[in-house]
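What follows is each chain in one-letter form.
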Amino acid sequence: MATTKRERQKAARRERLERLHRQQQRRKNLRRGIIVGIVAVLVVGTAAFLFSGKKTPPTTTTTTTTTSSTTTTTTTIPKSFAPVVDPSPAGTFGKAPTVVVPPGTPPTTMELSNLINGTGAVAEAGDSVEVRYVLGTYSSRKVVQSDWTTAPDNFTVGTGTIVGFGYGLVGMRVGGRRELIIPPSLGYGNGAGGTGIAANDTLVFVIDLLKVTPAT
């Protein structure tokens, strides 16, 4: 009987130990399951965010575009210039003028003289004008350009690559003829402007004003 009782006690202890072991194992399995579940949720959530088409908004940048002027400049036009010291012959309006490049050293500032006073509309900055001209240069001492054998030129007063040309038309009347001597700073500068025009050349224009269309 004693032996049987001890065996029952041992069996009961083994059963309790096995029950405790199973409980501990279940708790371990539960903790492991919770951890695995959390990791799975994180992985699935991250994958869903990455592949759902939602992207981090791009950084906003501001781009400033600067348009550089290539052939046209607009500037403030001076009100007066020194007269041409040795002007060309006046000639007749409507007929090609004779341009005489003055002897000696070219002037360093712009010169302007009316060879024929016009009586028509006055050209102002921003007006569209129609002109004919003859151009001589100090470097060549002769005429290098003329539009008297082609169509008249049309442009806006106060604009153009030759700044002094636009300056020189302000205040001129239709029917008038004007001579301009333009230094390099108001002409082509240190760049060559075409046949017969050297770098840092001084230009001599004689211009007939044919028409003025006021700016709108």
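Residues numbered from 1 in each chain as written. Predicted model: local features only at pLDDT ≥ 70, side-chain atom pairs only at ≥ 80, totals over all residues. Heavy atoms only, no water.

Colleague: So what's going on with the overall build of the protein? Which residues, and what values?
Modeller: On a plain count of helices and strands, the protein comes out with two helices and six strands. In the protein, the succession of α and β elements from N to C terminus is α-β-β-β-β-α-β-β. Scored against the burial criterion, the 216 residues of the protein give a buried share of 28%. For the protein, long-range pairs separated by at least 24 residues make up 76% of all intrachain contacts whose partners lie at least 6 apart in sequence. A total accessible area of about 14,000 Å² is found for the protein, and carbon and sulfur atoms account for 57% of it. (Helix = DSSP H or I, 4+ residues; strand = E, 2+ residues; numbered from the N terminus. Buried < 20%, exposed > 50% of the residue type's maximum accessible area, 1.4 Å probe, protein only. Contact = heavy atoms within 4.5 Å. Areas by Shrake-Rupley, 256 points an atom, 1.4 Å probe, with all protein chains shown as cover.)

Colleague: Would you mind going over the confidence of the model for the protein in detail, with residue names and values included?
Modeller: Per-residue confidence for the protein averages 78 on the pLDDT scale, and 64% of its residues sit at or above 70. A low-confidence stretch, residues 46-76 stays under pLDDT 50, and its non-local contacts, those more than four residues away or across chains, total 15 contacts. (pLDDT = per-residue confidence, 0-100.)

Colleague: Lay out the packing of aromatic side chains in plain terms, naming residues and giving numbers.
Modeller: Using the criterion set out here, one finds five aromatic pairs in the structure. With 6.3 Å between their ring centres and 25° between their planes, Phe81 and Tyr167 make a pair best called stacked. A residue pair is termed long-range when its members are at least 10 positions apart, and Phe81 in the loop between helix H1 (2-51) and strand S1 (111-116) and Tyr167 in helix H2 (residues 163-169) qualify at 86 residues. The partly exposed category is assigned to Phe81, whose relative accessible area is 23%. (Phe/Tyr/Trp six-rings, centres within 6.5 Å; stacked < 30°, edge-to-face > 60°.)

Colleague: Could you give an account of unusual backbone geometry, with specific residues and numbers?
Modeller: Positive phi, close to 60°, is recorded for Arg141, a residue that is not glycine. Relative to the helices and strands, Arg141 is located in the loop between strand S2 (128-137) and strand S3 (142-146).

Colleague: Kindly report on the layout of surface pockets, identifying the contributing residues and their values.
Modeller: A volume near 260 Å³ is recorded for the largest pocket. What lines the largest pocket is a set of 14 residues, among which Tyr133, Asp153, Phe155, Ile162 and Phe165 lie closest to the centre. Taken together, the elements giving at least two residues each to the lining of the largest pocket come down to strand S4 (153-156) and H2. For the lining of the largest pocket, the leading source of residues is S4, giving four residues. Considered class by class, the residues forming the lining of the largest pocket number six nonpolar, seven polar and one charged. (1 Å grid on protein atoms, 1.4 Å probe; cavity = no way out; pocket = protein on both sides within 12 Å on 5 of 7 lines; lining within 4 Å. Points joined across faces, edges and corners; volume = space filled by probe spheres on them. Nonpolar A, V, L, I, M, F, W, Y, C, P; charged D, E, K, R; others polar.)

Colleague: If you had to explain the nonpolar core to someone new, which residues and values would you point to?
Modeller: With 22 residues, the main nonpolar core has Val129, Phe165, Leu169, Ile182, Phe205 and Ile207 as its most contacted residues. Setting aside chain neighbours within four positions, we find Ile207 in contact with Val131, Arg132, Tyr133, Phe165, Leu169, Met172, Gly176, Arg177, Arg178 and Leu180. Within the second largest apolar cluster, 10 residues are counted, among which are Leu115, Val134, Trp148 and Val206. (Core = buried A, V, L, I, M, F, W, Y, C linked by side-chain atoms within 4.5 Å.)

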